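# Breakdown of the fold
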Amino acid sequence: MLADEPISMLDVSIRIGILNLMLRLKEEHDIAFLFVTHDLASARYVADDILVMYAGQIVERGPVERVLEAPLHPYTRLLLAAVPDPTKKLRAERIEARRGRASAAVDPPEGCRFVTRCPLAIDVCSRVTPQLVEARRAQSARCHVTAPSTT
Ligand code: SF4
């Protein structure tokens, strides 16, 4: 079942009820959900696996706990750094995005789509499009620096 931002417009007091309903449907009826969200805390609460998208591409994928505890891709790290609650374990080290324009998702130029904003960008990033590489067991990222291709 596709659940596209199912709780984003809801009052906080009823969000947890919807998330628990999804978990119950999953357990009792074996229903798989594709849960689309910008809210990493709710993703962590309901998901087994996570795909992080940037400019129309998957830039990181893996088990949700592993990805949110130890993200590989610089974009995932920036998302985590933006989580406002300082008591949450979701928070990663403080890193800043560069102030470049976001890449177009349609007909983008060669190279990494995140290069104009990436704090780790190196020369090759604007010339060669990175592939999704399994850099840790079951955890993949699309990044020349943190998940380099071995070929
Ligand atoms: S490939 Fe380069 S620009 Fe893209 S995320 Fe990795 S380091 Fe940043």
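Computed from a predicted model, the values in this text were never measured in an experiment.

The subject of this paragraph is the overall build of the chain. The helix and strand tally for the chain stands at 4 helices and 6 strands. Counted from the first residue to the last, the chain has its helices and strands arranged as β-α-β-α-β-β-α-α-β-β. The burial tally for the chain puts 26% of its 151 residues in the buried class. Put simply, 37% of the contacts in the chain that link residues at least 6 apart link residues at least 24 apart.

Next up on the list: the pairing of strand β4 (residues 57–63). Successive side chains on a regular strand alternate, one facing one side of the sheet and the next facing the other. In the sheet, strand β3 (residues 49–54) pairs with β4 via 6 bridges, with the strands oriented antiparallel. Residue pairing in the sheet places Val-52 in a bridge with Glu-60 of β4. The antiparallel hairpin formed by β3 and β4 contains 2 residues in its connecting segment, where Ala-55 sits at a positive phi of about 50 degrees. For β4 and strand β6 (residues 139–141), the ladder comprises 2 bridges, and the chain directions are antiparallel. Paired with Arg-61 across the bridge in β6 is Ser-140.

Before going further, it helps to spend a moment on the nonpolar core. One finds Val-59, Phe-114 and Val-115 to be the most contacted residues of the largest nonpolar core, which totals 22 residues. When contributions to this core are tallied by element, the ones reaching two or more residues are α2 (40–46), β3, α3 (64–69) and α4 (74–81). The dominant element in this core, judged by the number of residues it contributes, is β3, at 3 residues. Look past the residues within four positions of Val-115 in its chain and what remains in contact with it is Ala-121, Cys-125 and Ser-126.

This part takes up the site of the ligand. As a structural note, the neighbourhood of the ligand is formed by Pro-74, Cys-112, Phe-114, Val-115, Cys-118, Leu-120, Ala-121, Cys-125, Pro-130, Cys-143, His-144 and Val-145. Classifying every residue of the shell around the ligand by side-chain character gives 11 nonpolar, 1 polar and no charged.

Assignment of secondary structure puts Ile-122 in the loop between α4 and β5 (133–136). Separated by 23 residues in the primary sequence, Ile-122 and Val-145 place their C-alpha atoms 8.0 Å from one another. Setting aside anything within four residues of it in sequence, one finds Ile-122 in contact with His-144 and Val-145.

A word on the environment of Leu-10. Its place among the elements puts Leu-10 in the loop between β1 (2–4) and α1 (12–29). According to the C-beta neighbour criterion, Leu-10 is partly exposed, with 13 such atoms within 10 Å. Those residues in contact with Leu-10, other than ones at most four positions away along the chain, are Arg-15 and Ile-18.

What follows is about the sheet that holds β5. Strand order in the open sheet formed by 4 strands is β3-β4-β6-β5, with antiparallel pairing between adjacent strands. Each edge of the open sheet carries a strand with a single partner, namely β3 and β5. If you compare each strand with its neighbour and ignore which way they point, the axes differ by 30 degrees on average. Two strands pair when backbone bridges link them, and β5 and β6 are joined in this way by 3 bridges, in the antiparallel orientation. Directly across from Glu-134, in β6, lies its bridge partner Ser-140.

Definitions and cut-offs
- All chains use their own residue numbering, which begins from 1 and follows the written sequence.
- The predicted nature of this model means local features are confined to residues of pLDDT at least 70 and side-chain atom pairs, given and counted, to a pLDDT of 80 or more, with totals for whole chains, interfaces and linings taken over all residues.
- The way it works is that DSSP assigns letters per residue, a run of H or I at least four long becomes a helix, a run of E at least two long becomes a strand, and they are numbered from the N terminus.
- Exposure is read from a count of other C-beta atoms within 10 Å of each residue's own; the residue is exposed at 12 or fewer, buried at 20 or more and partly exposed in between. C-beta atoms are placed from the backbone.
- Note that contacts rest on C-beta atoms placed from the backbone: two residues are in contact if these are within 7 Å.
- In this description, strands pair whenever DSSP reports at least two bridges between them.
- By convention in this section, buried Ala, Val, Leu, Ile, Met, Phe, Trp, Tyr and Cys residues joined through C-beta atoms within 7 Å make up a nonpolar core.
- Using a C-beta atom placed from the backbone, a residue is scored as near a molecule or strand whenever that atom is within 6 Å of it.
- Only Asp, Glu, Lys and Arg are considered charged in this grouping, and only Ala, Val, Leu, Ile, Met, Phe, Trp, Tyr, Cys and Pro are considered nonpolar; every other residue, Gly among them, is considered polar.
- A fitted line through C-alpha atoms represents every axis, and for helices the fit uses only the stretch in contact; the resulting angles, taken between N-to-C directions, go from 0 to 180 degrees.

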